[in-house]
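Coordinate inspection notes
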Amino acid sequence: MTDFTFSARQIPMESSRIRIRHVEPKDYERLYEIERDQTTLHTWRYRGKFPDFKDYEAILWKQTRAILVVESQKTGEIVGYHHLHDVVDRAGHGWFSVYSAPDKRSTGLAMEGYVLFVDWVFANTPLRWIYAYVFSHNWPSFDSSVRKGHILHVGSMKERLRVDGELTDVHVLAASRELFEKWPLRIRMHKGHARRSEQQT
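In short, a report on the structure. (Residues numbered from 1 in each chain as written. Predicted model: local features only at pLDDT ≥ 70, side-chain atom pairs only at ≥ 80, totals over all residues. Heavy atoms only, no water.)

Across its full length, the chain carries 6 helices and 7 strands. Ordered by position in the sequence, the α and β elements of the chain form the string β-α-α-β-β-β-α-β-α-β-β-α-α. Here the chain, with 201 residues, has 49% of them falling under the buried criterion. A separation threshold of at least 6 residues defines the contact pool for the chain, and within that pool the share at least 24 residues apart is 65%. (Helix = DSSP H or I, 4+ residues; strand = E, 2+ residues; numbered from the N terminus. Buried < 20%, exposed > 50% of the residue type's maximum accessible area, 1.4 Å probe, protein only. Contact = heavy atoms within 4.5 Å.)

Shown next, in the form of structure tokens:
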């Protein structure tokens, strides 16, 4: 699904705990299961009206440039996925979404996948900026990175959507190519991948 004219560079697709790869049709049932979580049902894509599985693939790929799943190195289970969508090539920006299985949200696996995914985006596309909507209840996952300046908080929409009967704020975050390449977590993951590769040779 990626059709950029761009000179891609090699970057790690795995950490010590997870790996990312392009989605395959056999994965759709698991992604469907992850997206049926109550908090996901209230995103802009569904607004509380979740599709039948027979319609899911077409909706999944609507305005989508790439989907990469996050797999546990230990179990091989898909623990989440990352979605690059609404790309404007001329402007050099797009949007991304991070989905985590409900029972894996406290593990940090999806956030490790986020670092690999953003690395993949900037290594394989000419995009300069990617943006994401984040509900207030997911804010703790990003708060530290925002405070340290690795991700930018560019705005908030107060009481924008209703989740479980309660109005919630929605934040807009942005990742830039320049800032991301200096992110210490990204650098540590690259070094860790290099060490593991050396040990395997």
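What follows covers empty space enclosed by the protein. Applying the stated criterion across every chain yields a total of 1 cavity of 30 Å³ or more. Counted as a void, the largest cavity has a volume near 40 Å³. What lines the largest cavity is simply Pro-12, Glu-14, Val-115, Leu-116, Asp-119, Arg-186, Met-189 and His-190. Elements with a minimum of two residues in the lining of the largest cavity: helix H3 (109–124) and helix H6 (184–200). By residue class, the composition of the lining of the largest cavity is 4 nonpolar, 1 polar and 3 charged. (1 Å grid on protein atoms, 1.4 Å probe; cavity = no way out; pocket = protein on both sides within 12 Å on 5 of 7 lines; lining within 4 Å. Points joined across faces, edges and corners; volume = space filled by probe spheres on them. Nonpolar A, V, L, I, M, F, W, Y, C, P; charged D, E, K, R; others polar.)

What follows deals with the pairing of strand S7 (residues 166–176). Taken across its 11 residues, S7 has 9 buried, putting it largely inside the fold. Examined bridge by bridge, strand S5 (residues 129–135) and S7 share 7 bridges and lie antiparallel to one another. Bridging from a neighbouring strand, Tyr-133 pairs with Val-172 of S7. (Pairing = 2+ DSSP bridges.)

With that out of the way, let us pick up the nonpolar core. Grouped together as the largest cluster of nonpolar side chains are 31 residues, with contacts concentrated most on Leu-84, Tyr-114, Phe-117, Val-118, Val-121, Ile-130 and Leu-173. For this core, the secondary-structure elements that each account for two or more residues are strand S1 (18–22), strand S2 (64–72), strand S3 (78–88), H3, S5, helix H4 (140–147) and S7. (Core = buried A, V, L, I, M, F, W, Y, C linked by side-chain atoms within 4.5 Å.)

A few words now on H4. Among all positions in H4, only Phe-142, Ser-145 and Val-146 are buried. Down the axis of H4, the sector holding all buried residues measures 100 degrees, keeping them to one side. Exposed residues lying more than 90 degrees from the buried face of H4 are Pro-140 and Arg-147. Looking one or two residues beyond H4, the residue adopting positive phi is Gly-149, at roughly 85 degrees. (Arc of directions from axis to C-beta.)

Before going further, it helps to examine helix H1 (residues 28–35). Taking burial as the measure, the 8 residues of H1 include 6 buried ones, the bulk of the element. When we look at burial in H1, the residues that qualify are Tyr-28, Arg-30, Leu-31, Tyr-32, Ile-34 and Glu-35. Contacts from the buried residues of H1 go to helix H2 (53–60), S2, S3 and strand S4 (93–100).

Quick look at the packing of aromatic side chains now. Overall, the coordinates contain 10 aromatic pairs when judged by the stated rule. When the centroid spacing of 6.2 Å and the interplanar angle of 15 degrees are considered together, the rings of Trp-129 and Tyr-131 count as stacked. Under the relative-accessibility criterion, Trp-129 is labelled partly exposed at 26%. Grouped by ring-pair contacts, the aromatic residues Trp-95, Trp-129, Tyr-131 and Tyr-133 constitute a single cluster. (Phe/Tyr/Trp six-rings, centres within 6.5 Å; stacked < 30°, edge-to-face > 60°.)

Contact pair H1 / H2: the axes reach a minimum separation of 11 Å and the direction vectors enclose 90 degrees. By the angle between their directions, the pair H1 and H2 is classed as roughly perpendicular. The segment H1 lies against H2, with Tyr-28, Glu-29, Leu-31, Tyr-32 and Glu-35 engaging Phe-53, Tyr-56, Glu-57 and Leu-60. In terms of residue class, the contact of H1 with H2 is built from 6 nonpolar, no polar and 3 charged. (Axes fitted to C-alpha atoms, helices over the stretch in contact; angles between N-to-C directions. Parallel < 35°, antiparallel > 145°, perpendicular 65-115°, else oblique.)

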